[in-house]
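Below are the chains, spelled out letter by letter.
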Amino acid sequence: MRWTARDLRSLAVGLAYLAPALFIFVVFVFIPLGRTFYLSFYNTRSTGLVTTFNGIDHYIDLITSQTFRSGLVATGLFALYTVPLGIALGLVLAVLLNQRLRGINIFRTMMASTIAISAAVGSLIWLLLFNPSLGLLNYVLSLFGVRGPEWLIQPAIAIIAVSITTIWLTLGTNIIVLLSGLQGIPEEVYEAARLDGARGVRMFTRITIPMVSPSLFFLLVVDTVAVLQAFTQIHLLTRGGPVDATRTLVYSIYLDAFQNFQFGFASAESVVLFVLVLVLTLIQFRFVERRVHYQ
Amino acid sequence: MSATTVQGTRAVALQRQRRPALPVRKVGSYVLLAVVAILVAFPLLLALSYSFMSESEIATFPPPVLPMHPSLDNYQKVLGAIPIGRYLLNSFIVSTAVVIGQLVTASLAAYAFSFLVFRGRQVLFFLFLSTLMIPWEATIIPNYMTIRTLGWLDTYQGLAVPFMATAFGTFLLRQAFMQIPRELWDAARIDGSTTLRFLRDVVVPLSRPALGTVAIYGFLSTYNQYFWPLLITNETLMRTTQVGIAQLRFEESLRWGLVMAGVIMVAVPTLALLVLGQRQLIRGLTAGAVKG
């Protein structure tokens, strides 16, 4: 199809309206993404000035780097501890909140309150809760005869501490999304299941979970992407330590770029982050949406 | 001895059986909800409680939950320790600027994507949506360099301008604009109204709820940012609230009461926004999850 003068004129008008947003996207999203790829093939000075072409050496360094591999493991563990548990907890609370009771909105607001809480604020509060001498967490555990760990000092535990904080921070969003999913289930579906003799747990696993599966999968992707991008909790709780146990991909980018000034190497890490997020979002767009039950 | 009396007493008996059962279950529900709600909000409530405690009280064992002698000392001290008023002002300026920028760029773009017909519209729409797949952290190095080259480190524009466009907001507004009856558009054209005036006089007023969602969402996410302001601000007076209070964590001696007072002061504006704009916020959060 050829472009007529009229096509071009209407396109020009359309572009005029899109121009402000497009300008921001080009300058702060598209060009930087291209430059991230470009930088990942170069060496830079500590100022960020490009010096020599490096081919795929940064990527080879990545693959052979012990720190990078353990960083990927830390990122994976972080996602594994945070996402399924956070969604499960959110679902239980959403079911609890999905009742017709006077004043239910007060409880909904209270439980959703972490939506408004920033990662910095949440991390500072949990930093106190995890404190071995002042923190309430280990005291409560001691009441049950459990000797609480040194949350932020033991490598295997530190990633759990970061995960607990993250679960709490994302709980509000999870509850709201799942609650609206539950409210979308028509009453007749429950009626019909009840007539067939479904009750309690059976009703929950056979009716509720399949019916909210779109929301569950939405959260699966969104929460995993959020974990991949998480920076604040790690910076304020553990600074990537102890011995790199919480040095996730994003935290590595921060350390390599802005503490060690290796912008080329950090850009290669950024490319890996980009690819991971891209794959997850594409899965959501293409694969999951088709398989999940929609009314 | 008639059947009606028997039936009557049975009905009464049934009612008696049913009546007490209902409130007990209801009370149970309320108790459960209250306990769980307090547990979920517990860290926040604890921060509030600690903000009224002295450092010596916080250090007592077992760890206290409620202040014995509540005082506002920590709030006074935090005002002396860090320029928190200035941080709040910075955050409000930046977040408001981002909201205004997003509302303008997103309404213009959404208008083009809903009312205007032109070749290449679909491609451009997907180009907008593709930005949702690009994590900000993956482009943060070149963006930092751009801001430094522009001389925008330690400036409001450096904090705000990169976030003044939103694909998600554009998508949300497009959905809202498409609900507006086409006849209004035709009528406006016959009246000789320009497209820009139609956008301002008809489309925007009719789409207030969606604009509210975009505004609240934009404000909250900008106000709560940490990584970006941490990178591009160095001067104390240009820090935002999140970076400012987190700085207390890296001091020599951590004064917890003071930190918690700071935490509360920083969290109050967003919590107020949550209470006031809950409906808009929920609409925004669920727009992605539920098919429209």
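Only a predicted model underlies this, so the values are computations on that prediction, with no experimental measurement involved.

Participant: Sorry, what's going on with the overall build of chain A here?
Facilitator: For chain A, the helix and strand inventory stands at 13 helices and two strands. Expressed along its principal axes, the backbone C-alpha trace of chain A runs to roughly 70 × 70 × 30 Å. The buried share of chain A, taken over its 295 residues, is 43%. Taking all contacts inside chain A whose residues are at least 6 apart in sequence as the whole, residues at least 24 apart take part in 69%.

Participant: Looking at this structure, I do not really get the domain arrangement of chain B. What am I missing?
Facilitator: As a measure of interface size, the accessible area lost when the parts come together is often cited. The domain boundaries assigned to chain B delineate domain 1 (3-50) and domain 2 (73-287). A C-alpha centroid distance of 42 Å is found between domain 1 of chain B and domain 2 of chain B.

Participant: Even after reading the chapter, I still don't get the interface of chain A and chain B, so can you show me in this structure?
Facilitator: Of the residues lining the interface, 75 residues belong to chain A; the matching set on chain B comes to 74 residues. Here the side of chain A that touches chain B gets 18 residues from one element, more than from any other, and that element is helix α1 (residues 5-39) of chain A. Taken together, the residues that form the side of chain A that touches chain B break down as 54 nonpolar, 19 polar and two charged.

Participant: Please explain the domain arrangement of chain A as it appears in this structure.
Facilitator: Residues and elements named next belong to chain A. As far as domains go, chain A holds domain 1 (5-53) and domain 2 (65-291). A separation of 32 Å is found between the C-alpha centroids of domain 1 and domain 2. Contacts between the two partners involve nine residues from domain 1, matched on the other side by seven residues from domain 2. In the side of domain 1 that touches domain 2, the residues fall into three nonpolar, six polar and no charged.

Participant: Explanation requested: the packing of helix α4 (residues 84-114) of chain B against helix α11 (residues 208-223) of chain B in the structure shown.
Facilitator: The angle between the axes and the distance between the axes are what describe a pair of packed helices. All names here are of chain B. At a minimum axis separation of 9 Å, α4 and α11 run at an interaxial angle of 145°. The way α4 lies across α11 gives a crossing that is right-handed. For the pair α4 and α11, the contacting residues are Ser 91, Val 94, Ser 95, Val 98, Val 99, Gln 102, Leu 103 and Ala 106 in the first and Leu 211, Val 214, Ala 215, Gly 218, Phe 219, Thr 222 and Tyr 223 in the second. Along the lines of polarity and charge, the residues of the contact of α4 with α11 split into ten nonpolar, five polar and no charged.

Participant: Would you explain helix α7 (residues 155-183) of chain A in this entry?
Facilitator: Count 3.6 residues to each turn of an α-helix, and residues three or four apart come out pointing the same way. Residues and elements named next belong to chain A. Spanning 29 residues, α7 covers 42 Å between terminal C-alpha atoms, matching the ideal 42 Å at 1.5 Å per step. Residue Thr 170 marks the point of greatest curvature in α7, where the axis turns by about 40°. With 23 of 29 residues buried, α7 is to be regarded as a mostly interior element.

Calculation criteria
Residues numbered from 1 in each chain as written. Chains lettered and ligands numbered in written order. Predicted model: local features only at pLDDT ≥ 70, side-chain atom pairs only at ≥ 80, totals over all residues. Helix = DSSP H or I, 4+ residues; strand = E, 2+ residues; numbered from the N terminus. Buried ≥ 20, exposed ≤ 12 C-beta atoms within 10 Å, placed from the backbone. Contact = placed C-beta atoms within 7 Å. Domains from an automatic or database assignment. Nonpolar A, V, L, I, M, F, W, Y, C, P; charged D, E, K, R; others polar. Axes fitted to C-alpha atoms, helices over the stretch in contact; angles between N-to-C directions. Left-handed = near helix turned anticlockwise from the far one by under 90°. Expected span 1.5 Å × (residues − 1). Bend = angle between axes of the 7 residues up to and from the residue.

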